[in-house]
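# Fold and geometry: a report
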Amino acid sequence: MTFVQTELASQPESWSRAAELADGLRGSGRLPEAGERTAVVGCGTSYYMAQAYAALREGAGQGETDAFAASEFPAGRRYDRVVALTRSGTTTEVLQLLAAARGTARTTAITADPETPIRSAADDLVVLDFADERSVVQTRFATTALTLLRAHLGLHTASVVADAERAVAEPLPEGITDCTQFTFLGQGWTVGLAKEGALKMREAALAWTESYPAMEYRHGPISITTKGTATWLLGPAPDGLAEQVGATGGLWVAGELDPLAELVRIQRLALALADARGLDPDRPRHLTRSVILTGE
């Protein structure tokens, strides 16, 4: 088995541990408290998890919450809290942002490896070392970090873990591995998950993938949908969309599990396609575990 296969399969257990950790963090001040104006940042996969959390937190009435790629953070905007998601703790853009934010906002870093520069870069550290990964392609750390944040908001239940167990074990949708193009859709917090699903497919399988807010799909992107393409929705479907996709001849996949568990199914699809194409998902081309820029 590849590293990423092992890491993917361990997600239900990691999510349970993250939920327990979230219980212990309540009232500690290490994660955003209700009412704090919060920015969440990351790069790549972590940025998409930041988008999902920002939508969840603001939707839960916990306070204004924005998500940014670390390199695109608006320097003049003020927040009470900046939360950085960084598996490696070494990503240049994240470290630079935290240095710039020092003294203007309380900063929290969620990481898998505390023995890195992130230890001194952030005011507070939340360590998910049990979710660290050897693979370049992220699966377990990203979803575990989001589970921690969902649980801190009181939005995690045991049924989410049960759905993850199903996602790991049950067959993929019939005919999905025969498709040549994949579109992932979401609404609200699942838009970030749809983006991450598309990224996983590109990283691991070099697949042609796209992602959109579900209601935007009819505003142009549906034009590429035809026989041999797949449209996968994470969460509830807008009225009539399944029928419209079906009329194109494309394969419609309705996400029946918790959307985060649906992301696990997409991760499995990426690995299945990588295997079929003779690719090593532990070593995707042109990618490294962390982007560390020199000469900065």
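Preceding block: the structure.
Within any chain, residue numbers begin from 1 and follow the written order of that chain's sequence. Reporting in this predicted model follows two pLDDT cut-offs: at least 70 for local features of residues, and 80 or more for side-chain atom pairs to be given and counted; totals over whole chains, interfaces and linings ignore these cut-offs and use all residues. Excluding hydrogens and water, the side-chain figures rest on all heavy atoms present in the structure.

### Re the overall build of the protein chain
Counting secondary structure elements, the protein chain contains 10 helices and nine strands. A radius of gyration in this sense is built from C-alpha atoms; the matching globule rule multiplies 2.2 Å by the number of residues raised to 0.38. For a compact globule of 296 residues, the expected C-alpha radius of gyration is about 19 Å, and the protein chain comes in at 19 Å, within 12% of that figure. Here the C-alpha coordinates of the protein chain stretch approximately 55 × 40 × 40 Å along the principal axes. Out of the 296 residues belonging to the protein chain, those deemed buried represent 56%. By sequence separation, contacts in the protein chain at least 24 residues apart represent 72% of the contacts at least 6 residues apart. Under the convention used here, a 1.4 Å probe and the Shrake-Rupley method define accessible areas, while residue burial counts only the protein chains that appear. Accessible area of the protein chain: about 12300 Å², with a carbon and sulfur share of 50%. Residues scored as charged are limited to Lys and Arg (positive) and Asp and Glu (negative), so that His and the chain ends carry no count. Taken as the charge location is NZ of Lys, CZ of Arg, CG of Asp or CD of Glu. Positive and negative charge centroids in the protein chain, built from 27 and 37 side chains respectively, lie 3 Å apart. Secondary structure elements follow DSSP: runs of H or I of four or more residues count as helices, runs of E of two or more count as strands, with numbering from the N terminus. Using a 1.4 Å probe on the protein chains alone, a residue whose accessible area is under 20% of its type maximum counts as buried, one over 50% counts as exposed, and one in between counts as partly exposed. Should any heavy atoms of two residues lie within 4.5 Å, those residues are considered in contact.

### Points about the pairing of strand β7 (residues 208–213)
Residues in a regular strand project their side chains so that they alternate between the two faces of the sheet. Each pair of strands is called paired provided DSSP finds at least two bridges between the two strands. Pairing geometry for strand β6 (residues 181–186) and β7, over six bridges, is parallel. Residue pairing across strands places F184 opposite S211, the latter belonging to β7. Crossovers are marked right-handed if the path from the first strand over the helix to the second runs clockwise, as seen with the strands pointing away from the viewer. Taking the sense of rotation as the criterion, the β-α-β connection linking β6, helix α8 (residues 190–205) and β7 turns out right-handed.

### Re the sheet that holds β7
A sheet is described by the order of its strands in space; here four strands give the open sequence β7-β6-β8-β9, paired in parallel fashion. A strand with exactly one partner marks an edge of an open sheet, and here the two such strands are β7 and β9 (251–254). Shown here is a sheet whose adjacent strand axes are inclined to one another by a mean of 20°, direction ignored. Where strand β8 (residues 229–234) lies against β9, four bridges are found, and the strand directions are parallel. Within β9, the position partnered with T231 by the bridge is W252. Interaxial angles span 0 to 180 degrees and are taken between N-to-C directions of axes, which are lines fitted to C-alpha atoms, for helices over the stretch in contact. Running at roughly 160° to β6, α8 makes contact with β6, β7 and β8 of the sheet. Where helix α9 (residues 241–248) meets the sheet, it contacts β6, β8 and β9, and its direction lies at approximately 155° from that of β9.

### Here's the deal with the nonpolar core
Residues belong to a common nonpolar core when they are buried Ala, Val, Leu, Ile, Met, Phe, Trp, Tyr or Cys residues joined through side-chain atoms within 4.5 Å. Grouped together as the largest cluster of nonpolar side chains are 62 residues, with contacts concentrated most on I110, L146, F182, F184, L193 and M201. When residues in this core are grouped by element, the largest group, 10 residues, is from helix α10 (residues 259–276). Filtering out sequence-adjacent residues up to four positions away, M201 remains in contact with F182, F184, L206, A207, T209, I266, L269, A270 and L273. Within the second largest apolar cluster, 18 residues are counted, among which are V82, L95, A109 and L125.

### A closer look at unusual backbone geometry
Although it is not a glycine, L206 adopts a positive phi angle of roughly 55°. Looking at the element boundaries, L206 is found in the loop between α8 and β7. Look at H286: it is not a glycine, yet its phi comes out positive at around 70°. For H286, the location among the structural elements is in the segment after α10. Taking relative accessible area as the criterion, H286 reaches 77% and is therefore assigned exposed.

### Considering the side chain of H156
Of note, H156 is situated in the loop between α6 (140–152) and α7 (158–169). Take H156: its relative accessible area is 18%, and that puts it in the buried class. Once you skip the residues sitting within four places of it in the chain, H156 turns out to touch A19, T147, R150, A151 and V161.

### Examining the pattern of salt bridges
In the sections that follow, a salt bridge refers to a side-chain nitrogen of Lys or Arg positioned within 4 Å of a carboxyl oxygen of Asp or Glu. Here the structure, examined in full by the defined rule, presents 15 salt bridges. Across the pair D124 and R81 runs a salt bridge, and its minimum N-O distance is 3.7 Å. One end of the pair, D124, is in strand β5 (residues 124–127); the other, R81, is in strand β3 (residues 81–86), with 43 residues separating them in the sequence. One exposure class covers both D124 and R81, and it is buried. With its nearest N and O atoms 3.1 Å apart, the salt bridge here joins R265 to E262. Within this pair, R265 and its partner E262 are both found in helix α10, separated by three residues, close to a single helical turn. Its relative accessible area of 14% is what places R265 among the buried residues.

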